Amino acid sequence: AQSVAQPEDQVNVAEGNPLTVKCTYSVSGNPYLFWYVQYPNRGLQFLLKYITGDNLVKGSYGFEAEFNKSQTSFHLKKPSALVSDSALYFCAVRDLRTGGFKTIFGAGTRLFVKA
Amino acid sequence: GAGVSQSPSNKVTEKGKDVELRCDPISGHTALYWYRQSLGQGLEFLIYFQGNSAPDKSGLPSDRFSAERTGGSVSTLTIQRTQQEDSAVYLCASSPSGSQGSTDTQYFGPGTRLTVL
């Protein structure tokens, strides 16, 4: 069965510093991996996805994520955090082997960026 | 065009009552998903519809939960005999794909906040 783990409930970063939000996954086949963001009082928004190809994926708002097959990880990163990045971030996985559209989301990591 | 819409935005009901939550996906999107987000929890997959295929109901937590999608567009999630643990935000999402194994991203609605007293 597919699963996603976000080991940190909360990440605190100072503005201007690099940030990392961690995600590990488990699937029986090849994964499709996604990051979504939920800003306060707003709906979930797509940030980026990994399907195949380059392990480093670039997405919206300057975010990027690195797919590491050996570590089964897909950590979200940004070189310089902004206060406006403060939000709830979800990692998600879809198992390509089983096909279909079932997507499993992690529990979420709340990011606080302090000015 | 318009995004995914959900109604009502908030619903307060008494324990034991039935509720219906509605989702209008983006026009032309063939895949539709329902998730539940409880306070302090992640997104819990409930059900998805893909075109005319049988829905994947594997995430529905009990037989009190059901969903249908009429005409391949609007979907209704029904919770019968609501319990306090059903209190959560119910999110709907749609994606345009028509093929299995698609990489399409999901577009989420604003959610319906359900409170069961």
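Data block above holds the structure.
Residues numbered from 1 in each chain as written. Chains lettered and ligands numbered in written order. Predicted model: local features only at pLDDT ≥ 70, side-chain atom pairs only at ≥ 80, totals over all residues. Heavy atoms only, no water.

### Description of the overall build of chain B
What chain B contains, in helices and strands, is 0 helices and 10 strands. The N-to-C order of helical and strand elements in chain B reads β-β-β-β-β-β-β-β-β-β. The C-alpha atoms of chain B give a radius of gyration of 14 Å, which matches the 13 Å a tight globule of 117 residues would have. By principal-axis analysis of the C-alpha atoms, chain B measures approximately 40 × 30 × 30 Å. Each of the 117 residues in chain B was classed as buried or not, and the buried ones make up 50%. When the accessible surface of chain B is totalled, it reaches about 5,600 Å², and 44% of it is carbon and sulfur. Here chain B holds 10 positive side-chain charges and 11 negative ones, and the gap between their average locations is 4 Å. (Helix = DSSP H or I, 4+ residues; strand = E, 2+ residues; numbered from the N terminus. Rg over C-alpha atoms; globule rule 2.2 N^0.38 Å. Buried < 20%, exposed > 50% of the residue type's maximum accessible area, 1.4 Å probe, protein only. Areas by Shrake-Rupley, 256 points an atom, 1.4 Å probe, with all protein chains shown as cover. Lys, Arg positive; Asp, Glu negative; His and termini not counted. Charge placed at Lys NZ, Arg CZ, Asp CG, Glu CD.)

### Regarding the interface of chain B and chain A
Listed as interface residues are 24 residues of chain B and, on the opposing side, 22 residues of chain A. Taken over both partners, the interface formed by chain B and chain A buries close to 1,800 Å², and the fraction arising from carbon and sulfur atoms is 59%. At the surface where chain B touches chain A, the tally comes to 0 salt bridges. At the boundary of chain B with chain A, the tally comes to 3 residue pairs in polar contact (both at pLDDT 80 or more). At the level of secondary structure, the elements contributing two or more residues to the side of chain B that touches chain A comprise strand S4 (31-37) and strand S5 (43-50) of chain B. The residue inventory of the side of chain B that touches chain A, partitioned by class, reads 8 nonpolar, 14 polar and 2 charged. (Contact = heavy atoms within 4.5 Å. Buried area = accessible area lost by both parts, 1.4 Å probe. Salt bridge = Lys/Arg side-chain N within 4 Å of Asp/Glu carboxyl O. Polar contact = N/O pair within 3.5 Å; in protein donor to acceptor, adjacent residues only side chain to side chain. Nonpolar A, V, L, I, M, F, W, Y, C, P; charged D, E, K, R; others polar.)

### Side note on the packing of aromatic side chains
When we look at a pair of aromatic rings, we describe it by the centre distance and by the angle of the planes. In the structure shown here, the tally under the stated rule is 17 aromatic pairs over all chains. When the centroid spacing of 6.5 Å and the interplanar angle of 75° are considered together, the rings of Phe90 of chain A and Phe105 of chain A count as edge-to-face. Placement of the pair is Phe90 of chain A in strand S10 (residues 87-95) and Phe105 of chain A in strand S11 (residues 104-105), with a sequence separation of 15 residues. With a relative accessible area of 6%, Phe105 of chain A lands in the buried category. Taken together, the ring pairs in this structure connect Phe34, Tyr36, Phe46, Phe90 and Phe105 of chain A together with Tyr33, Tyr35, Phe45, Tyr48 and Phe108 of chain B into an aromatic cluster. (Phe/Tyr/Trp six-rings, centres within 6.5 Å; stacked < 30°, edge-to-face > 60°.)

### Looking at the state of the cysteines
Under the defined criterion, the tally for this structure stands at 2 disulfides over all chains. At a sulfur-sulfur separation of 2.0 Å, the disulfide partner of Cys23 of chain A is Cys91 of chain A. Looking along the S-S bond of the Cys23 of chain A-Cys91 of chain A disulfide, the torsion reads about -65°, which is the left-handed sense. Linking Cys23 of chain A in the loop between strand S3 (19-21) and strand S4 (24-26) with Cys91 of chain A in strand S10, this pair joins segments that are 68 residues apart in sequence. The disulfide partner of Cys23 of chain B is Cys92 of chain B, and the gap between their sulfur atoms is 1.8 Å. The sign of the S-S torsion, about -65°, decides the handedness of the disulfide formed by Cys23 of chain B and Cys92 of chain B: left-handed. Of this pair, Cys23 of chain B sits in strand S3 (residues 19-24) while Cys92 of chain B sits in strand S8 (residues 88-95), placing them 69 residues apart in sequence. The exposure classification of Cys23 of chain B matches that of Cys92 of chain B, with both residues buried. (Disulfide = S-S within 2.5 Å.)

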